[in-house]
Amino acid sequence: MKMRGLLIISLTVLLSFLMVGSVSAGQIRGTVVDASTGVKLPGANVFLRGTSIGAATDLSGEYVILNVPGGEYTLQVAYMGYKNFTEEIELAREQVLEKDVLLNYDVVQMDGFVTITAQRQGQVEAINQQLTANTIMNVVSSDRIKELPDANAAESVGRISGVSIRRNAGEGQQVIIRGLEPKLNSITVNGVRIPSSDSQNRSVDLSMISSDVLSSIEVFKAPTPDMDAEAFGGTVNLVLKKAPEEFQGYVKVLGGYNDLNNDWGNFKANGQLSNRFLDSKLGVIASAYYETYNRGSDVFNATYDTEGIRDEEGNIDVIANTMSLTDRVETRMRWGGSLNLDYTVNEKHSISLTNFFSQKSRDIYERLRAYNVGTANANTVETAGISTERTTSLLSNGISGDHMISGLNLDWGYSRFLTNNYLPYDFELRFRELSAFDQSKLNPRGHPSEFPDAAYNKYDKSLLQRARMTQDTVNNINQTAQINIEIPVNFTTKLTSSIKFGGKYTFIDKERVRSRRGEYFYYLGSTFVQKALDSNPYSLELTDNGFIAMSNFVSDYDGIGDFLQGDYELAPLLSESRVRQWYSDHNHYFTNDRDMLGDLYDVQESVTAGYFMARLNYGQSLMILPGVRYERSDNEYQGVYATTAELYGRTGIQRDTTTNQQYEEWMPHLHLKIKPWDTFDVRLSATKTLARPDFSYIAPRTRIDKEELVIRAGNPGLKHAKSWNYDAILSYYSNQIGLVTLGGFYKNIDDIFYRKNEIITTNERSAELGYVDPVYRTGYALRWYTNSRQAKVWGIEFDLQTQLRFLPEPLSGLVLNANYSRFYSETFFPEYNYIFQYNPETYSYETIYEEYYRKSEMPGQADQIANIALGYDIGGFSARISIFYQGSSLYSVGAIAEQDQYTDDYWRWDASFKQKLGKHTSLFLNLVNFTSRGEKSFYGANDYPTTIEYFGMTGDFGIQYTF
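A brief structural summary. Everything numeric in this text was worked out from a predicted model, so none of it was measured. (Residues numbered from 1 in each chain as written. Predicted model: local features only at pLDDT ≥ 70, side-chain atom pairs only at ≥ 80, totals over all residues. Heavy atoms only, no water.)

**Re empty space enclosed by the protein**
Part 1 of the reasoning: Enumeration according to the criterion identifies 10 cavities of 30 Å³ or more in this entry.
Part 2 of the reasoning: Roughly 280 Å³ of internal volume is contained in the largest cavity.
Part 3 of the reasoning: Along its surface, the largest cavity is lined by 23 residues, and R193, E230, N478, T506 and I508 are the ones closest to its centre.
Part 4 of the reasoning: Elements that contribute at least two residues to the lining of the largest cavity include exactly β15 (192-193), β26 (463-490), β27 (495-519), β31 (601-618) and β32 (622-644).
Part 5 of the reasoning: Class assignment of the residues belonging to the lining of the largest cavity gives a composition of 9 nonpolar, 5 polar and 9 charged.
Part 6 of the reasoning: Here the second largest cavity is characterised by a volume of approximately 170 Å³.
Part 7 of the reasoning: Along the wall of the second largest cavity there are 18 residues; nearest its centre are Q130, I136, N138, I729 and T741.
Part 8 of the reasoning: Contributions of two or more residues to the lining of the second largest cavity are made by α2 (118-132), β11 (137-140), β37 (721-734), β38 (738-750) and β41 (791-803). (1 Å grid on protein atoms, 1.4 Å probe; cavity = no way out; pocket = protein on both sides within 12 Å on 5 of 7 lines; lining within 4 Å. Points joined across faces, edges and corners; volume = space filled by probe spheres on them. Helix = DSSP H or I, 4+ residues; strand = E, 2+ residues; numbered from the N terminus. Nonpolar A, V, L, I, M, F, W, Y, C, P; charged D, E, K, R; others polar.)

See the structure below:
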């Protein structure tokens, strides 16, 4: 099968080179710029009127039209928001014609005031790049990135239609495209996939990347064959900046405020310098950024369970198990930069070097109070201090080249990405108060917010329960080499085409190392307490019955009386310095916890890909793009097989395991772009994509807990998922209205992968799974993963980008961006049903486990997403207010529908203001979440809250100086 794929690619290459003989060498090249500002315009449509010969300008505003027969033509340049440019030209055979174009903004001019602004320019750039693309895509342009008050790249992507954000402590972290989880989407830098830093799945943490180093952000919702196939929802491409012609630079410094924590310590600084040297052949652009900010939050958590059997109406009792309150103190620091060089040998050859680094560090201290009612630790109140240090980093280095050889375009590249997710310190010290509730006041079926009032809150009786240190490291190296060749072939000036083919090789090496050490049994007293007393450098207070008292660790700070917007009080609190000191003084006798062995893995994946695609143009009214992509995966997975028993799992066997997996996939593509008139087009596409299972799902890692009779394992036989994707987009655009798009999509997914809970009921099933070491594991609960039935995702998207210039002054300065998406899905979760059945032969009831599939929506899919941003510019003043709405989504899947967890609807309001002072200086004020809206989730229904988190409003204010 591998040889067949290579043979087809080789034949395609041979055929393509045979066609080069028909290529004419005439070329037209140049740059399209704004006549008044000199700004280069990306996404301009440059073509010869009456023909299908043309090209679009790149992000530098440059274009090249190859394979132009000699003759007389009318050169036309169309750029929405600007007046069309036309000029008669004559091209000799094999001539290279240099033609730069100046475009004039199509403006309403009153009293000499021209209404052209940065907000308008950013909107226009995004629209034109979207219109000239061969596929379905959305863009956040360079100018728009500068205008938005976004903390990171994830927040900027979240402005696009059909995209929602998964947040952490109120900050955007991961991208959900069309309701598909972050791990099912692709994140790339300059077209090369970023490896995941997550320990469990293939998602990318975008919060570690600042928007300041980006030129633009592209979201491809329907990939072409030359793009990676691993993108169910779509691909987010982060484009790094390239040096412009002249010397440019800026420095921007902002201070900030967090109102929840009354903290004025937020700080952000970034800068950039760029220039071209050696007669503009060598371009150098360097950027750097640093920021530190408070992401503390107030958190409510609750857990529930179901009890009894369903009544006649199908309802079942829900009872609360625990309720906890957490004061989360967190400082985040993000820093990094880029150094990019490009060298133009001549008009036919150029080479680029890109270097990018970003790091995010988090210092967290959580002060927790947990009220346990319905769990194994029932009738207790626990107090904990959890101190965490985590660092996530990304380093990217790449070299690429672009060449024009004998009438064809050839580009190549090699890149190396390193990601690291490092958790060197995660220490928890936990205390427990026994018999902590007045049972006469306790109602387990009541709202968990009532639990604190039923508690005695005798904190002087709280005793030290356990100390636990967790360390975790995930290292990932991705290396990618690729080559692409594009050959233009003109049949007539009206009917033109190009063929493109290429190959890519990607190698992934990912390793997870995890350990846990601690002392879990202080609450047993005797030798455990005495060992702690002997190790402590100072005397410790003990409770009346001889245990280590919580009073040794209580902070001098009284506590928080206005917690979760005044709904609760949280006191007393544990001192972080005293919690950390306990680890320093006592870690030498901590015991290693072998239960972590089941989390270790090492992965090597290689993907060999090849593709062929053609683009056929008939005039400016029709584009057909068929193609096929071939990918072969050759993977090796390593894990640990371990059995654990007794305290800390200290007894049992342990051995390394290795599995291999190979598979290949052919993925057809078809894209159509129909333009019946100048202001309207229709785009249709049918594509096939794939998704590879999570690393933790497929690694051959197994831990058999002989105490709890539970097996937690990966599934090396897990299949990759496939999706057929169908899209239709209608676009209407004009200088007066802007861009209006309406579209729909449908995805048909096979072999999607989910967690599965199973009971091993027979020796035959235990043997089939390989659990005969040396005894059968019949009766064990198996927690592993499986491929599910077919899933479907569909929805509609509406997008409006307009400048309200038709309104009277001063309202004509308004700029509006609005989008709305509605999503639907259907999937099936593998589950077991427990049936109690009477056996007349044994005169007893037996438990029968019946496997079935429960239908539900896709996890992570918000049912609705909306963005509205209204901007206003007048003179040197610019303002923008934006609203983001994200509907509810399935967050966690339970054993039955009543145990599912959902996120609540979420609204966020942001505002940004800018005032220019002269030619070089600007003042900024950004307000994020200025309504202080929190995030919430629920268990089964809105009556049972599982999480409530408030992180408040943040504000930034500062100055920028531009060179």
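So, next bit.
**Some remarks on the pairing of strand β36 (residues 710-713)**
Part 1 of the reasoning: Of the pairings in the sheet, the one linking strand β35 (residues 702-705) to β36 comprises 4 bridges and is antiparallel in character. From the neighbouring strand, R703 faces β36, where its bridge partner is R712.
Part 2 of the reasoning: What sits between β35 and β36 in their antiparallel hairpin is a turn of 4 residues, with L709 showing a positive phi close to 55°.
Part 3 of the reasoning: Across 3 bridges, the pairing between β36 and strand β40 (residues 781-787) is parallel. Residue pairing in the sheet places R712 in a bridge with R783 of β40. (Pairing = 2+ DSSP bridges.)

**Concerning the environment of G875**
Part 1 of the reasoning: Inspection of the secondary structure puts G875 in the loop between β44 (864-874) and β45 (877-886).
Part 2 of the reasoning: For the pair G875 and G813, spaced 62 residues apart in sequence, the C-alpha separation works out to 9.7 Å.

**Considerations on the sheet that holds strand β17 (residues 235-240)**
Part 1 of the reasoning: Pairing is mixed across the open sheet formed by 5 strands, whose spatial order is β11-β16-β17-β14-β15. A single partner strand is all that each edge strand has here, and the edge strands are β11 and β15.
Part 2 of the reasoning: Here 2 bridges tie strand β14 (residues 186-189) to β15, and the two strands are oriented antiparallel to one another. Opposite V189, over in β15, you have V192 as the bridge partner.

**Description of unusual backbone geometry**
Part 1 of the reasoning: The omega angle of the peptide bond from A571 to P572 is -5°, so this bond is cis rather than trans.
Part 2 of the reasoning: Summarising the element assignment, P572 is placed in the loop between β29 (568-570) and α7 (576-586).
Part 3 of the reasoning: Cis peptide bonds are those with omega within 30 degrees of zero, and the linkage from D773 to P774 qualifies with -10°.
Part 4 of the reasoning: Take P774: it is sitting in the loop between α9 (763-769) and β40.
Part 5 of the reasoning: Its identity is not glycine, yet E646 carries a phi of approximately 65°, on the positive side.

**Here's the deal with the side chain of S696**
Part 1 of the reasoning: Its place among the elements puts S696 in helix α8 (residues 695-698).
Part 2 of the reasoning: A relative accessible area of 2% places S696 in the buried class.
Part 3 of the reasoning: The residues contacting S696, other than those within four sequence positions of it, are Q200, Y601, R701, G714 and Y785. (Buried < 20%, exposed > 50% of the residue type's maximum accessible area, 1.4 Å probe, protein only. Contact = heavy atoms within 4.5 Å.)

**Here we look at the packing of aromatic side chains**
Part 1 of the reasoning: On inspection of all chains with the given rule, the structure shows 38 aromatic pairs.
Part 2 of the reasoning: Taken together, a centroid distance of 5.1 Å and an interplanar angle of 35° make the contact between Y304 and Y939 tilted. Remark: Y939 occurs in strand β50 (residues 935-939) and Y304 occurs in strand β21 (residues 297-307); sequence separation between them is 635 residues. The two residues Y304 and Y939 agree in class, both being buried. (Phe/Tyr/Trp six-rings, centres within 6.5 Å; stacked < 30°, edge-to-face > 60°.)

**Considerations on the pattern of salt bridges**
Part 1 of the reasoning: According to the stated counting rule, one finds 55 salt bridges in the structure shown.
Part 2 of the reasoning: The residue R430 makes a salt bridge to E382 at a minimum N-O spacing of 2.7 Å. Of this pair, R430 sits in strand β25 (residues 408-433) while E382 sits in strand β24 (residues 380-405); the two residues are 48 residues apart in sequence, bridging distant segments of the chain.
Part 3 of the reasoning: Note on R430: relative accessible area 11%, which makes it buried.
Part 4 of the reasoning: With a relative accessible area of 6%, E382 lands in the buried category.
Part 5 of the reasoning: With a shortest N-O distance of 3.0 Å, K461 and D544 are connected by a salt bridge. Highlighted residues: K461 in the loop between α5 (451-454) and β26 and D544 in the loop between α6 (526-535) and β28 (560-563), separated in sequence by 83 residues.
Part 6 of the reasoning: Exposure remark for K461: the relative accessible area of 41% places this residue in the partly exposed category. (Salt bridge = Lys/Arg side-chain N within 4 Å of Asp/Glu carboxyl O.)

**Here's the deal with a nonpolar patch on the surface**
Part 1 of the reasoning: On the surface, F247, V251, V253, F267, L273, Y290, W335, L917, L923, I959, Y961 and F963 cluster together into a nonpolar patch covering about 1000 Å² of accessible area.
Part 2 of the reasoning: Elements represented by at least two residues in the nonpolar patch include exactly β18 (248-258), β19 (263-277) and β52 (954-962).
Part 3 of the reasoning: In this structure F267 comes out as partly exposed when scored by relative accessible area, which is 34%. (Patch = residues over 30% accessible without salt bridge, like charges linked within 9 Å, V, L, I, M, F, W, Y side chains within 5 Å. Areas by Shrake-Rupley, 256 points an atom, 1.4 Å probe, with all protein chains shown as cover.)

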